Each structure stands twice: as C-alpha cells, then as structure tokens.
Amino acid sequence: MTTPKKLFVKTYGCQMNVYDSERMVGALEAAGYETTDTADAADMILLNTCHIREKAAEKVYSELGRLKPLKSANPELKIGVTGCVAQAEGAEIMRRQPLVDLVVGPQAYHRLPQMEARVRAGETALDTDFPEEDKFDHLPRGPRARRGPTAFLTVQEGCDKFCAFCVVPYTRGAEASRPVARILDEARDLVDRGVVEITLLGQNVNAYHGVGEGGAWSLAQLIRALAKIDGLLRIRFTTSHPNDMTEDLIAAHGEVEKLMPYLHLPVQSGSDRVLTAMNRKHSATDYLRILQRMRAARPDIALSGDFIVGFPGETDADFDATLALCDQVRYAQAYSFKYSARPGTPAANRAEVPEDVKTDRLHRLQAVLTQHQQEFQQSMVGRDLPILLEKPGRLPGQLVGRSPYLQPVHLQADAALTGTIVTTKILGSETNSLRGAPV
Ligand code: SAH
Ligand code: SF4
Ligand code: F3S
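None of the values given here were measured: they were computed from a predicted structure.

## Some details on the site of ligand 1
Then, in step 1: Around ligand 1 lies a shell of 14 residues, among which Gln203, Pro266, Gln268, Asp306 and Ser340 are the nearest.
Then, in step 2: Asp306 places a side-chain nitrogen or oxygen 2.6 Å from an oxygen atom of ligand 1.
Then, in step 3: Relative to its free-state accessible area of 540 Å², ligand 1 is covered by the protein chains to the extent of 89%.
Then, in step 4: Both domains that meet at the shell around ligand 1, namely domain 2 (147-260) and domain 3 (271-379), each give it at least three residues.

Now the structure itself:
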C-alpha cells in the first residue's frame, strides 16, 4: 500500500464554504489523501476562499506568497485556490502567483479529482464553469471521520436577488435547489454517523424549491420531512431572505418541535430609501411585519440579522432609522459591517460615504446591538434550558453545548454525554456565551 498523501484545507467565509471543504476532503480522500492540521506537512494545500470582505483577493495573494517557502522545501507540494475568490479571479490567480497549480470555482468541485490527477502529472488546472450537473451528485459525502454531533447540509445554492452591494450572485451563480430525496438520504447518512443536529444551508435557504414527491417542495415541507428522521434531534437553517419568508415556514416554527427557535433574517438597513437603493425589494415595515408573525408563531424565537452601515447615499436620518429598527426588534445577536465596494456590483461606482462616518456609525450600531444581545443573554439566567453538548470546553471536565437559541453554554459534564441534550440551569451570562450546570 502506498502512504496516503496529505491534504491541508484552510476555509474562509460562510458556512457553505465549511460544508464545501468537507465535500472536497471527501473527494480527495477517495483519491488517496488524508487530512493534516498543518500546512507544513501537506502534499496538497487548498485555500477555500471568500470574496465578501474588503480586499479579499489581495489577502489571498499575500497568503499564497507566504506558502512559497513550503513549495521550495517540497517540490511535490500542490497548491490550489477554491471558493469565491477562485470564481471571481479565475486565471488571473495563476498569472499573478505562478506557484498556484489549481483554481476551481464553487460549482465545479466535482471535477476536483480529475484536476488533482492533472496537477500531479505536472500540469495546471483551471475550472470556473457553472456546469449543468449538480456537483453534489458527483462528490463523495464528506470526510470518513465525522467530528461531532452537528453538521451542515447544503440544500440550496446561488442567488438571483442581486442586492446592489453583493458579489454572491456572481461567485455562486444562479439559484438552484437540490432534490428532496438526495437531501433526505444525506441527512439519514449523517444521523447514522452520529449527527443529531443538522443546519440546512443556502445563500437564500428559504427560497428552496427542490424537486420532491408531487412537485417542488418548500423549505417548510423539507423541514417537516427531516423532522420525521429518528435520531435527528434538532434542525436549523441559514440564511434567509425576508421576501421568501412564507406563511408555511413561519407556521413550521410553531409546529415542528425539532425546528429550533432561532431565525437569522438579514435586513441590512432600517431606511426604506437605502433598502430601495440596495435593491432589497422590501421595506422596513415589511420586515417588521414578518418578525411580528414569527413571534406570533413562536413567541420565544431568537432573532438575528445583518447590517451594512455607510451604504452609498446613507444619510444620518437613514442611519437613525436603522437604530430605530434595532430598538424595535431587540435582536438576540446580529452582525454588522461597514459597506465596502465590491468590483462588478452595481453599487461599486456610486459615491461613497466618508470612512470616518462609516466607522462612527458602525461603533454606534454595534454598541446598541451589543446591549440588546447582553439583555437577551441575561434573560436566560435562572432558566433550565435543553443544551446539546457538542465538544470539550477550555477547562478540564468542561463541555460546550448550544442552547435552542444557538448560544454556546459552558458546563461541567462527563465527556460521554457529548451528542446528547442535557437540561441545564443557566447560572451566568457573558456577551457571547452562557455558563450553566446540569439539573
Ligand atoms: N445570503 C446572505 C448574505 C451573504 S453575505 C443574505 O442574503 O443574507 C453576508 C452579509 O455580508 C450580508 O448580509 C451583508 O450584510 C454583508 N455584505 C455583503 N456584501 C457586503 C459589502 N459589499 N459590504 C459590506 N457588507 C457586505
Ligand atoms: Fe447577496 Fe442579496 Fe443574494 Fe444575500 S440576497 S446573497 S445579500 S445578493
Ligand atoms: Fe464568502 Fe462566497 Fe460565502 S463570498 S460569504 S464564501 S458565498
């Protein structure tokens, strides 16, 4: 038997990249690789990149530059760039950084094994196509060894919404949903391998419309079918768009016990003027009405969102509308970003808000969001919550789990309880985590 070659994958960006990295590991394991935790020992390094933040491509180029000594030390080392920067930059990557052997975009990962064979033979390989076939039909499921009781499962990919600031429709392509049967098979397989919580992924996961019995299924139908799988204890999904928040999905939150009371629903801004300029196609009031209906269906739902401050044209009054929206919603948790122009997007050539104004607004928004988050955290203290124990904590004898509201919870518990749900009294709260003890 030949010794397996070593694969090192570094993953940036969203959960979908985490999921894709696992599938690529699965594919390369089938081609004779095993994973390693250090780049130094690797025969193949893949950077699975994200293009959402400022200077994303530049950061990839400097990361690649740092790999140079490894390549000199080991001429057999092959280096690949995957993910959204690979899609956006394409052949430019090999032009600018000749040590790169392989560039593959998110929709062509099923061709990775053939590409690997080509780079082993001394060629370079580039593939940024958007092929017709579903890459996941041709990719082995994931790494042989699963790392814990929770898993991601991509059900939908791509986006047709074209928000004026966003690269995703260009890097991930048009919206596409995987067939129901494939998803249910994969979920059963994950459960057989010890997974008890599945997070369904999609850039617009609630636009899901995969082929199932009797026609196209909604995300709510899919969730109800997944909930019937014995041994699967918890279901989550991310990320949703307000315009796809259908009545049946809202109702599912009140009816499907395994569906966790947490919704990440980005709004980006509280100003209708800005929302229009962003091409979001919903108003702040539309958004607040959806949340109202969510809370009617599931009163304890924890809400999360994304915000962009300093979008081109945003005035003080627009920004105040965002603060006002936050005060109304009181998010359990939220992400906020300074606008940064992405080349090729409609907003990229609009006049920018000055940097110091953006910075000031970001700080003010984050102060408000943090305060609301702390209030939500504090409201958990004294309650008994079902905590799914996921992995060892930092201290000896400690485990970390998640509450239904996605909060990390630290408690002393036997490692053998990993993967089970333990009723836990919440004793204290931090901004990002809780402390508790088994009841
Ligand atoms: N599909 C997801 C968003 C993916 S990007 C959705 O529609 O919700 C994640 C977040 O990054 C976005 O919600 C947005 O808040 C932020 N973002 C995207 N492009 C950005 C840009 N050009 N500048 C600043 N933030 C951006
Ligand atoms: Fe980007 Fe908008 Fe699509 Fe989300 S809905 S991925 S923000 S274009
Ligand atoms: Fe980043 Fe691509 Fe995800 S740009 S956020 S890795 S879809």
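## Quick look at the site of ligand 2
Then, in step 1: Taken together, Cys159, Lys161, Phe162, Cys163, Phe165, Cys166, Val168, Pro169, Asn204, His241 and Arg280 make up all the residues around ligand 2.
Then, in step 2: Tallied by class, the residues present in the shell around ligand 2 amount to 7 nonpolar, 2 polar and 2 charged.

## What about the nonpolar core?
Soluble globular proteins tend to pack their nonpolar side chains together in the buried interior.
Then, in step 1: In terms of nonpolar packing, the biggest core is built from 77 residues, with Leu200 and Tyr331 touching the most fellow members.
Then, in step 2: The contact partners of Leu200, leaving out residues within four places of it in the chain, are Leu153, Val155, Val205, Leu219, Leu222, Ile223, Leu226, Ile235, Arg236, Phe237 and Thr238.
Then, in step 3: Of all hydrophobic cores here, the second largest spans 22 residues; its members include Phe8, Leu47, Val60 and Val103.

## Considering the pairing of strand β1 (residues 5-11)
Then, in step 1: Judged from the 3 bridges that link them, β1 and strand β2 (residues 33-35) form a sheet pairing that is parallel. Pairing of Lys5 across the sheet is with Tyr33, part of β2.
Then, in step 2: The β-α-β motif built from β1, the intervening helix α1 (residues 15-30) and the parallel element β2 has right-handed crossover chirality.
Then, in step 3: Relative to strand β3 (residues 44-49), β1 runs parallel, the two sharing 5 bridges. Looking at the pairing, Thr11 lines up with Asn48 of β3.

## Brief notes about the sheet that holds strand β18 (residues 398-402)
Then, in step 1: The strand order around the closed barrel built from 5 strands is β17-β18-β19-β21-β20, with neighbouring strands paired in mixed fashion. When strand polarity is set aside, the average angle formed by the axes of neighbouring strands in this sheet is 50 degrees.
Then, in step 2: One ladder, built from 5 bridges, connects β18 with strand β19 (residues 408-412); its direction is antiparallel. Paired with Leu399 across the strands is Leu411, a residue of β19.

## Things to note about the packing of aromatic side chains
Then, in step 1: Evaluated as defined, the whole model comprises 5 aromatic pairs.
Then, in step 2: Consider the rings of Phe307 and Tyr331, whose centres lie 5.5 Å apart with planes at 85 degrees: the pair is edge-to-face. Of this pair, Phe307 sits in strand β15 (residues 302-309) while Tyr331 sits in the loop between α13 (316-329) and β16 (333-338); the two residues are 24 residues apart in sequence, bridging distant segments of the chain. In this pair, the class of Phe307 matches that of Tyr331, namely buried.
Then, in step 3: Between Phe311 and Tyr339 the ring centres are 5.3 Å apart and the planes differ by 80 degrees, which places this aromatic pair in the edge-to-face class. Remark: Tyr339 occurs in the loop between β16 and α14 (355-378) and Phe311 occurs in the loop between β15 and α13; sequence separation between them is 28 residues. The pair formed by Phe311 and Tyr339 is uniform in burial state, with each residue classed as buried.
Then, in step 4: Chaining the aromatic ring pairs together yields one cluster made of Phe165, Phe311 and Tyr339.
Then, in step 5: The residue whose ring lies beneath Arg53 is Phe337, and the NZ or CZ to ring-centre distance is 3.7 Å.
Then, in step 6: The ring of Tyr61 is capped by Arg96, whose NZ or CZ atom sits 3.8 Å from the centre of that ring.

## Considerations on the side chain of Gln156
Then, in step 1: By secondary structure assignment, the location of Gln156 is in strand β8 (residues 156-157).
Then, in step 2: Residue Gln156 is classed as buried on the basis of its relative accessible area of 0%.
Then, in step 3: A polar contact of 3.1 Å, which involves the side chain of Gln156, links it to the backbone nitrogen of Gln203.
Then, in step 4: Within the structure, the side chain of Gln156 is placed 3.1 Å from the backbone nitrogen of Asn204, a separation counted as a polar contact.

## Some points on the environment of Ala416
Then, in step 1: With respect to the helices and strands, the residue Ala416 is situated in the loop between β19 and β20 (421-429).
Then, in step 2: Spatially, the C-alpha atom of Ala416 lies 9.8 Å from that of Leu389, the residues being 27 residues apart in sequence.

## Some points on the domain arrangement of the chain
Then, in step 1: Each domain of the chain was delimited in the assignment, giving domain 1 (5-127), domain 2 (147-260), domain 3 (271-379) and domain 4 (384-438).
Then, in step 2: Taking only C-alpha atoms, the centre of domain 3 and the centre of domain 4 are 30 Å apart.
Then, in step 3: Between domain 3 and domain 4, the residue contacts involve 8 residues of the former and 8 residues of the latter.
Then, in step 4: Where domain 3 abuts domain 4, roughly 660 Å² becomes buried across the two surfaces, and 41% of that area is made up of carbon and sulfur atoms.
Then, in step 5: It is Asp300, Gln373 and Gln377 that lose the most area in domain 3 upon contact with domain 4, and together they represent 61% of the buried surface on that side.
Then, in step 6: There are 0 salt bridges connecting domain 3 and domain 4.
Then, in step 7: Per-element tally for the side of domain 3 that touches domain 4: the top contributor is α14, with 6 residues.
Then, in step 8: Its residues assigned to classes, the side of domain 3 that touches domain 4 shows 2 nonpolar, 5 polar and 1 charged.

## A word on α1
Then, in step 1: Spanning 16 residues, α1 covers 23 Å between terminal C-alpha atoms, matching the ideal 22 Å at 1.5 Å per step.
Then, in step 2: Residues of α1 that are buried: Met16, Asn17, Tyr19, Asp20, Ser21, Arg23, Met24, Val25, Gly26, Ala27, Leu28 and Glu29.
Then, in step 3: Following α1 by one or two positions, Gly32 adopts a phi angle in the positive range, close to 95 degrees.

What counts as what
- Residues numbered from 1 in each chain as written.
- Chains lettered and ligands numbered in written order.
- Predicted model: local features only at pLDDT ≥ 70, side-chain atom pairs only at ≥ 80, totals over all residues.
- Heavy atoms only, no water.
- Near = heavy atom within 4 Å.
- Polar contact = N/O pair within 3.5 Å; in protein donor to acceptor, adjacent residues only side chain to side chain.
- Areas by Shrake-Rupley, 256 points an atom, 1.4 Å probe, with all protein chains shown as cover.
- Domains from an automatic or database assignment.
- Nonpolar A, V, L, I, M, F, W, Y, C, P; charged D, E, K, R; others polar.
- Core = buried A, V, L, I, M, F, W, Y, C linked by side-chain atoms within 4.5 Å.
- Buried < 20%, exposed > 50% of the residue type's maximum accessible area, 1.4 Å probe, protein only.
- Contact = heavy atoms within 4.5 Å.
- Pairing = 2+ DSSP bridges.
- Helix = DSSP H or I, 4+ residues; strand = E, 2+ residues; numbered from the N terminus.
- Right-handed = clockwise from strand over helix to strand, strands pointing away.
- Axes fitted to C-alpha atoms, helices over the stretch in contact; angles between N-to-C directions.
- Phe/Tyr/Trp six-rings, centres within 6.5 Å; stacked < 30°, edge-to-face > 60°.
- Lys NZ or Arg CZ within 6 Å of the ring centre and 35° of its normal.
- Buried area = accessible area lost by both parts, 1.4 Å probe.
- Salt bridge = Lys/Arg side-chain N within 4 Å of Asp/Glu carboxyl O.
- Expected span 1.5 Å × (residues − 1).

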